[in-house]
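Structural description and commentary
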Amino acid sequence: MVIIEFTEFLKNAAHVKPTPQQLALLRETPFYAFVHFSPNTYTGLEWGDGTEDPAIFNPTELDCDQWAQAIKSAGMQGMVLTAKHHDGFCLWQTEYTEHSMKNSPYKDGKGDIVREAADACKRHGLKFGFYLSPWDRNCPLYGTDEYNTYYKNQLTELLTNYGEIFHVWFDGACGEGPNGKKQVYDFDGYIELIKKHQPNATIFNDAGTIRWIGNEAGKAPYAQWAVVPQELCFMNEKQTEGPLVEGSLDFVYNSDINIGSISNIMYSKGLVFAPAETDMSIRPGWFYHPEEEPHSLERLFNTYVTSVGNNATFNLNIPPMPNGKFDPRDVERLKELGELISKEFSTNLAEGSTVTILPGYGPTQPEIQVTLKKKQTIKYVELAENIKEGQRVEAFDVFFKDSHGQWAHAARDTTIGSRKIVKTDPTEAQEILVRITSSRYVPDIEWIKIY
Ligand code: FUL
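Computed from a predicted structure; not experimentally measured.

So, about the nonpolar core. Inside soluble globular proteins, nonpolar side chains tend to come together where they are buried. Ranked by size, the top nonpolar core spans 73 residues in total, and within it Trp67, Ile71, Ile113 and Leu155 carry the most contacts. For Leu155, the contacting residues outside a window of four places in its chain are Phe130, Leu132, Val168, Phe170, Tyr190 and Leu193. Counting 21 residues, the second largest nonpolar core, distinct from the first, contains Leu383, Val422, Ala429 and Ile432.

Right, here's the structure in full:
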């Protein structure tokens, strides 16, 4: 049974808009660093079980300025520190547990690594955020209502004592606590605290204002939609009515490739704006393991292109070593990455060129023709939708005019969104044509850049 008109449905879907916080993250802070640091750094584990002795946590040469400098060298704009991972150990001076810096030999139990990291970010012009694992394998309250109070108390400490927080990372993992019980998380209560104390922060979660991209390999699913069913991302406000068609959503998890496609969203009871974050570690593990090597420059660069250059943000983890510094191999790789990103994207060849919008095949299928001032070797075409008004384009083609004056097909792609970087075979050309082949409403292209 058709409940609302299809064209009306498409128009509404095309007008689902970001919040100012989501817009700011996409446009101003799309590339940031994760820092995974906990007793795991000393035990070699990825998931501690909460029985670790806090005395093992002793970063004798901790240098958060070194972290910040390395992060900046890659061109990143922020840092997200694991204030508490699943093992429950707190990297700050919390009032609510002894399983914390209080019992670490570092600075005789007076250390506060959240403070040191936040201050270093300030000194180096980086934004600061934190990860606070809801799953806590140490806290004896875990699995009871009191645990939610405990968690909210910790959240309040972090939200109120460390200056401006740009991003709060809620891990979706929900295992058993020390007493074998699982916890029902009070996400509404957690979100209320963030809205109260840090209204500008975005919230990462499977269901968050920034949602998970669905894998840790930097791959976007088939198309990268920020407009998804509220059934998936309940932390966002519904902006449309639905469903278009009675039925059940087939794809309701971030790893499903079609969550944003019409064939799925038509069954939704309402759509939300929730852009994706790609999270990935510079090495195989989230925590430091000396035998691991950083990923290749090529892999990291490609992940940048398929995240920041694909309507998503990129959260790249760098794990400190037991002494509290980043490994020189990671520092070097970050520098190389920053250099490569600025080499590839610093000169917009379309600067000063002529841009003509042609009617193409109709209002939702226009063509954009760019004539450069002279012939250039083109490696990338970058497009951006005026995302603050919504996401519309479903598919497009790119052509370069060849030496015979013919439009030669260079690339075919799906969504655009906040920013899309299309990699092409390096080609000499002066004229570029972008043909929008499908759009949910009249496309509103904010910019086109050529590199
Ligand atoms: C996952 C965690 O279980 C991993 O340890 C890591 O923190 C990653 C970013 O999120 O859910």
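Here the focus is the pairing of strand β1 (residues 31-35). With five of five residues buried, β1 is to be regarded as a mostly interior element. Direction of pairing for β1 relative to strand β10 (residues 312-317): parallel, over a ladder of four bridges. Bridge pairing in β10 links Phe34 to Asn317. With four bridges connecting them, β1 and strand β2 (residues 78-84) associate as parallel partners. Looking at β2, one finds that Phe34 is bridged to Val80.

Below, the discussion takes up the pattern of salt bridges. Side-chain pairing between opposite charges can occur once the charged atoms of the two side chains come close. Inspection of the entire model under this criterion finds 23 salt bridges. The partner of Arg283 in a salt bridge is Asp330, and the shortest N-O contact between them spans 2.9 Å. With Arg283 in the loop between β9 (276-281) and α9 (297-307) and Asp330 in helix α10 (residues 328-345), the pair connects residues that are 47 residues apart, well separated along the chain. Residue Arg283 shares its accessibility class with Asp330, and that shared class is buried. Here Lys379 makes a salt bridge to Glu344, at a shortest N to O gap of 2.8 Å.

Before going further, it helps to spend a moment on the packing of helix α4 (residues 64-73) against helix α5 (residues 113-123). Relative orientation of the contacting elements α4 and α5 amounts to 45 degrees, with a least axis distance of 8 Å. Comparing the axis directions of α4 and α5 gives the class oblique. In the crossing of α4 with α5, the sense of the turn from one axis to the other is right-handed. Between α4 and α5, the residues in contact are Cys64, Asp65, Trp67 and Ala68 and Ile113, Glu116, Ala117, Ala120 and Arg123, respectively. Here the contact of α4 with α5 is composed, by residue class, of six nonpolar, no polar and three charged.

Turning our eyes to something else, we now look at the site of the ligand. Neighbouring the ligand are Phe34, His36, Trp47, His85, His86, Tyr131, Trp169, Asp171, Asp279 and Trp286. Within the side chain of Tyr131, one N or O atom sits 3.3 Å away from an oxygen atom of the ligand. A distance of 2.8 Å separates an oxygen atom of the ligand from a polar side-chain atom of Asp171. Notes on the ligand: free accessible area 290 Å², of which the protein chains cover 88%. Classifying every residue of the shell around the ligand by side-chain character gives five nonpolar, three polar and two charged.

A word on the domain arrangement of the chain. Looking at the chain, the domain boundaries give domain 1 (6-345) and domain 2 (354-450). On the domain 2 side, the residues contacting the 32 residues of domain 1 number 25 residues. Summed over both partners, the interface of domain 1 with domain 2 buries about 2400 Å², with 53% contributed by carbon and sulfur atoms. Together, Ala14, Arg27 and Trp225 form the three largest contributors to the area buried by domain 1 at its contact with domain 2, with a combined 26%. In this structure, Lys17 engages Glu389 in a salt bridge whose closest nitrogen and oxygen atoms are separated by 3.9 Å. Where domain 1 meets domain 2, there are 18 residue pairs in polar contact (both at pLDDT 80 or more). Elements with a minimum of two residues in the side of domain 1 that touches domain 2: α1 (6-14), α2 (20-28), α8 (262-265), α9 and α10. By residue class, the composition of the side of domain 1 that touches domain 2 is 20 nonpolar, eight polar and four charged.

Among the residues making up α9, those that are buried are Leu300, Phe301, Thr303, Tyr304, Val305 and Ser307. Looking at the buried side of α9, the elements it contacts are β1, β9, β10, α10, β12 (367-385) and β15 (420-439).

The next point concerns the pairing of strand β3 (residues 127-132). The element β3 is extensively covered by neighbouring structure, given that five of its six residues are classed as buried. As paired strands, β2 and β3 are joined by six bridges and run parallel to one another. Note that in β3 the partner of Leu81 across the bridge is Phe130. Of the strand pairs in this sheet, β3 and strand β4 (residues 167-169) are connected by two bridges, and their pairing is parallel. Each bridged residue has a counterpart across the sheet, and for Phe130 the counterpart in β4 is Val168.

For any pair of aromatic rings, geometry is given as the distance between the ring centres together with the angle between the planes. Tallying each qualifying case throughout the model produces 30 aromatic pairs. Seen from their ring centres, Tyr147 and Tyr151 are 6.1 Å apart, and the 40 degrees between their planes marks the pair as tilted. Of this pair, Tyr147 and Tyr151 both sit in helix α6 (residues 145-161), four residues apart, which is roughly one turn of the helix. Summarising the burial analysis for this pair, Tyr147 and Tyr151 share the class buried. Seen in terms of ring centroids, Phe345 and Tyr451 are 5.1 Å apart; in terms of plane orientation they differ by 70 degrees. Their pairing is edge-to-face.

Next up on the list: the sheet that holds β4. Strand order in the open sheet formed by eight strands is β5-β4-β3-β2-β1-β10-β9-β6, and the pairing between neighbours is parallel. Edge positions in the sheet fall to β5 (202-204) and β6 (211-212), since each of these pairs with one other strand and no more. As defined by bridge partners, β4 adjoins β5 across three bridges and the pair is classed as parallel. Of the residues in β5, the one forming a bridge with Val168 is Ile203. Packed onto the sheet, α9 meets β1, β9 and β10 and runs at close to 150 degrees relative to β10.

Below, the discussion takes up the packing of α6 against helix α7 (residues 187-197). One can describe the packing of α6 onto α7 by two numbers: an axis separation of 10 Å at closest approach and a directional angle of 20 degrees. By the angle between their axes, α6 is roughly parallel relative to α7. The two elements α6 and α7 cross, and the hand of that crossing is right-handed. Residues Asn148, Tyr151, Lys152, Leu155, Thr156, Leu159 and Thr160 of α6 touch α7, and the partners they reach there are Gly189, Tyr190, Leu193, Ile194 and His197. Residues belonging to the contact of α6 with α7 are distributed by class as follows: six nonpolar, five polar and one charged.

Parameters and conventions
- Residues numbered from 1 in each chain as written.
- Predicted model: local features only at pLDDT ≥ 70, side-chain atom pairs only at ≥ 80, totals over all residues.
- Heavy atoms only, no water.
- Core = buried A, V, L, I, M, F, W, Y, C linked by side-chain atoms within 4.5 Å.
- Buried < 20%, exposed > 50% of the residue type's maximum accessible area, 1.4 Å probe, protein only.
- Contact = heavy atoms within 4.5 Å.
- Helix = DSSP H or I, 4+ residues; strand = E, 2+ residues; numbered from the N terminus.
- Pairing = 2+ DSSP bridges.
- Salt bridge = Lys/Arg side-chain N within 4 Å of Asp/Glu carboxyl O.
- Axes fitted to C-alpha atoms, helices over the stretch in contact; angles between N-to-C directions.
- Parallel < 35°, antiparallel > 145°, perpendicular 65-115°, else oblique.
- Left-handed = near helix turned anticlockwise from the far one by under 90°.
- Nonpolar A, V, L, I, M, F, W, Y, C, P; charged D, E, K, R; others polar.
- Near = heavy atom within 4 Å.
- Polar contact = N/O pair within 3.5 Å; in protein donor to acceptor, adjacent residues only side chain to side chain.
- Areas by Shrake-Rupley, 256 points an atom, 1.4 Å probe, with all protein chains shown as cover.
- Domains from an automatic or database assignment.
- Buried area = accessible area lost by both parts, 1.4 Å probe.
- Phe/Tyr/Trp six-rings, centres within 6.5 Å; stacked < 30°, edge-to-face > 60°.

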